[in-house]
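The residues making up each chain are set out below.
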Amino acid sequence: MSGAPPEKKRRRNGKAVCALLLATSVFALLRPAQPYAQVTELRGEVSESAILDDQQRKTRQLSIAQDQTAQAGATTQSTAPTPTYQPASPGAVQDDDAAPATGSIFDPPEATDDPFADAPVPVPPRRPSSATQGAADQDEAAETQAATATTAPTDDEDTAETDPINSRAVTIDSADRQQLDPGAERAEAIEGRDRRAEDDPFAATGIKLGSFVIRPTLEQGLKASSNADSSSEGKPALLSETTLRFNAISDWRENSATVDGYGTFLKTLSGDEVEEARGRVEGTLNVDFDNDLRAIAKLGYEAAPESASSPVVIEGTAEQPVRQTIDGSLAVEKDAGKMRFALTGAVEHDIYGDARLSTGGTLSQKDRDSTLYTATLRTGYEISPAITPFTEVEIGRRVYDLRVDSNGFERSSTRLGVRAGAELDLGEKLAGEFSAGWLREAIDDDRLPAISGATVNADLRWSPQRGTTIGLTGQTIVEGTTTADESGTILYSGRLTAEREIRANLIGNATLGVDWRDYIGSDGHDLTLSAEAGLTWWLNRYAGLTTRARTEKQTSNIEGRDYTAHSIFVGVTLQP
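Just so it is clear, the model here is predicted, and its values are computed rather than measured.

Draft legend 1. Broad picture of the overall build of the chain. For the chain, the helix and strand inventory stands at five helices and 22 strands. Burial analysis of the chain (576 residues in total) assigns 26% to the buried set. Residue pairs in contact within the chain that sit at least 24 positions apart in sequence constitute 55% of those at least 6 positions apart. Taken as a whole, the chain presents about 38,200 Å² of accessible surface, with 57% of it coming from carbon and sulfur.

This is the structure we're talking about:
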């Protein structure tokens, strides 16, 4: 019986064992393909309908969870949601990956009893799909909304910014933008803003005319006087008094100009017959040059009937002559360090009208017409910005139109004067100047003595408190005459004024005056004292009621020159 050799049998058995081992190895390598495919998301083709169904199911579940969360948040508004427990050591609780299957096609595969999967290699977590990520975001949004449900939103903008479901994207420069400054908030309309209180709510607004602002004032009323013409033989009368005042100021950028004027008309309604008109207008121009050089020009005109108290007495007149005065000056000022220099040239021309006689006819006054030319040099030193002492030297010449008057005297004269004083500038509190000196006019006719005497001049304004102004003015005037054997007179005139704003629409004022006239060549003199007080009550910006009372008394050692006059005025004041 033939049989296979034992060596061949062992060889066949060995090959069979090798083939079995090879097959087992191949099977072991092929078995983990399905789990590994899940990790790498290679699970084969998934239909779009399955994905859509899964997303819709997730959306329904999320909606139900949101409703339940909202209901729970409404009932527990004062209690914040309990935070999710986080273990201190990793692996202490089951991971979310071990959650039970929901039946979704995206659920992880169930564990098997594969003998080759006893020690599987740790699989990295797979990247969630877009649908899963969206569902997770919605879950997180629901939790956030429930946590913030107990806090009321402050405004729509803050709610929009903190809403995680539909949060607004920030701009690129949002980090650099600063919070709006409360002071930079949108301003109200001009009509809606609170207007600044005016310093003088009843002051005239004025009329714009070219480059000037004109502020006219019209005063109309009745005046009752015990001495209508302020003469020694005056009689009482009731008069109509009309006064027009105006002020014009330029609004130029550099230089300035002002024009001031007034006009008064008196007409008797009953009593002593009086009818007169008087007025004055004066303009000032200030021009600034380089190197602290300034020029000031003035020009004025005045017309008024001569006062019954004039030192020139014309016998038998029914009406005093009208005196017209035309005056002008030009001053040049220069500052050199603390030194102050000023040179002023002035001209004044007086024209007298004919006097109307009570017997009829007129009497010429041409021999009284004259022109005065003066030049004044002032030198000062600024001790401080508030005080500047100065000295003045004045020379001049008075020339009469007629070299020889009706009495045969040559009235022309030469003028010389010196003064010393100080300028004050303490702002609104105190400002102005004062001076004292000596003045002499030598008349060409040797038969007439020279007119000479001390001079006092002042123009000061003091405001002790807001709304109150005290003024002091004084001047020395040389008055010529055509009376035979008389050279003329020196008149010292002073006024103390006070104005008080009692209320915004109630203004009070008062004036005290004193005049002293010294007759050169004789011992004659006149003393005139006056006082006046008045009130203006503004009904509105454009109309007011005005009243004032005045008393005046003159005493003289010359016969026929004493008189006393009292008057009261009541009227209305209008201004545009």
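So much for the structure itself; the text now carries on.
Draft legend 2. Geometry of the pattern of salt bridges. Scanning all chains against the criterion turns up 36 salt bridges. One salt bridge in this structure joins Glu275 and Lys267, with 3.1 Å as the shortest N-O distance. According to the relative accessible area criterion, Glu275 is partly exposed, its value standing at 48%. Several salt bridges share partner residues, and in doing so they unite Arg378, Glu392, Glu394, Arg398, Arg415, Arg419, Glu423, Glu433 and Glu441 into one network.

Draft legend 3. Structural view of the sheet that holds strand E7 (residues 317-319). Strand order across the open sheet formed by three strands is E7-E10-E11, with antiparallel pairing between neighbours. Across the chains shown, the open sheet's two edge strands, defined by having one partner strand only, are E7 and strand E11 (362-363). Inspection of the sheet shows E7 paired to strand E10 (residues 355-357) by two bridges, in the antiparallel sense. Bridged to Thr317 within E10 is Leu357.

Draft legend 4. Examining unusual backbone geometry more closely. Even without a glycine there, the phi angle at Ser230 is positive, about 50°. By secondary structure assignment, the location of Ser230 is in the loop between strand E2 (212-225) and strand E3 (237-250). Backbone geometry at Asn291 places phi at a positive 60°, although glycine is not the residue there. On the secondary structure map, Asn291 appears in the loop between strand E5 (275-288) and strand E6 (293-305). A residue is classified by how much of its surface remains accessible, and Asn291, at 62% relative accessible area, is exposed.

Draft legend 5. Spatial organisation of the pairing of strand E17 (residues 468-480). Two strands pair when backbone bridges link them, and strand E16 (residues 451-462) and E17 are joined in this way by five bridges, in the antiparallel orientation. Across the sheet, residue Trp462 finds its bridge partner in E17, namely Ile470. Where E16 folds back onto E17 in an antiparallel hairpin, the turn is made up of five residues, including Gly467, whose phi is positive at roughly 90°. Of the strand pairs in this sheet, E17 and strand E18 (residues 488-503) are connected by 13 bridges, and their pairing is antiparallel. Bridge pairing links Gln475 to Ser493 in E18.

Draft legend 6. Looking closely at a nonpolar patch on the surface. Judged by side-chain polarity, Leu218, Leu244, Trp537, Leu539, Leu545, Val572 and Leu574 come together as a nonpolar surface patch covering roughly 610 Å² of accessible area. For Trp537, a relative accessible area of 45% puts it in the partly exposed group.

Draft legend 7. Expanded view of the environment of Ala237. Position of Ala237 among the secondary structure elements: in strand E3. As a C-alpha pair, Ala237 and Ser225 span 12 residues in sequence and 5.6 Å in three-dimensional space. In contact with Ala237, other than residues within four places in its own chain, are Lys223, Ala224, Ser225, Ala228, Thr268, Ser270, Gly271 and Asp272.

Draft legend 8. Spatial organisation of the pairing of strand E9 (residues 339-352). With 14 bridges connecting them, strand E8 (residues 322-336) and E9 associate as antiparallel partners. Across the sheet, residue Leu330 finds its bridge partner in E9, namely Gly345. As consecutive antiparallel partners, E8 and E9 are separated by two residues, and within that stretch Gly337 has a phi angle of approximately 65°, a positive value.

Draft legend 9. The packing of aromatic side chains, seen in detail. Here the structure, examined in full by the defined rule, presents one aromatic pair. Ring centres 5.7 Å apart and planes at 75° place the aromatic pair Phe212 and Trp252 in the edge-to-face group. In this pair, Phe212 sits in strand E2 while Trp252 sits in the loop between E3 and strand E4 (256-271), placing the two residues 40 residues apart along the sequence. When its relative accessible area of 22% is taken as the criterion, Phe212 is described as partly exposed. Among the residues examined, Trp252 registers a relative accessible area of 36% and is labelled partly exposed.

Scoring rules and cut-offs
Residues numbered from 1 in each chain as written. Predicted model: local features only at pLDDT ≥ 70, side-chain atom pairs only at ≥ 80, totals over all residues. Heavy atoms only, no water. Helix = DSSP H or I, 4+ residues; strand = E, 2+ residues; numbered from the N terminus. Buried < 20%, exposed > 50% of the residue type's maximum accessible area, 1.4 Å probe, protein only. Contact = heavy atoms within 4.5 Å. Areas by Shrake-Rupley, 256 points an atom, 1.4 Å probe, with all protein chains shown as cover. Salt bridge = Lys/Arg side-chain N within 4 Å of Asp/Glu carboxyl O. Pairing = 2+ DSSP bridges. Patch = residues over 30% accessible without salt bridge, like charges linked within 9 Å, V, L, I, M, F, W, Y side chains within 5 Å. Phe/Tyr/Trp six-rings, centres within 6.5 Å; stacked < 30°, edge-to-face > 60°.

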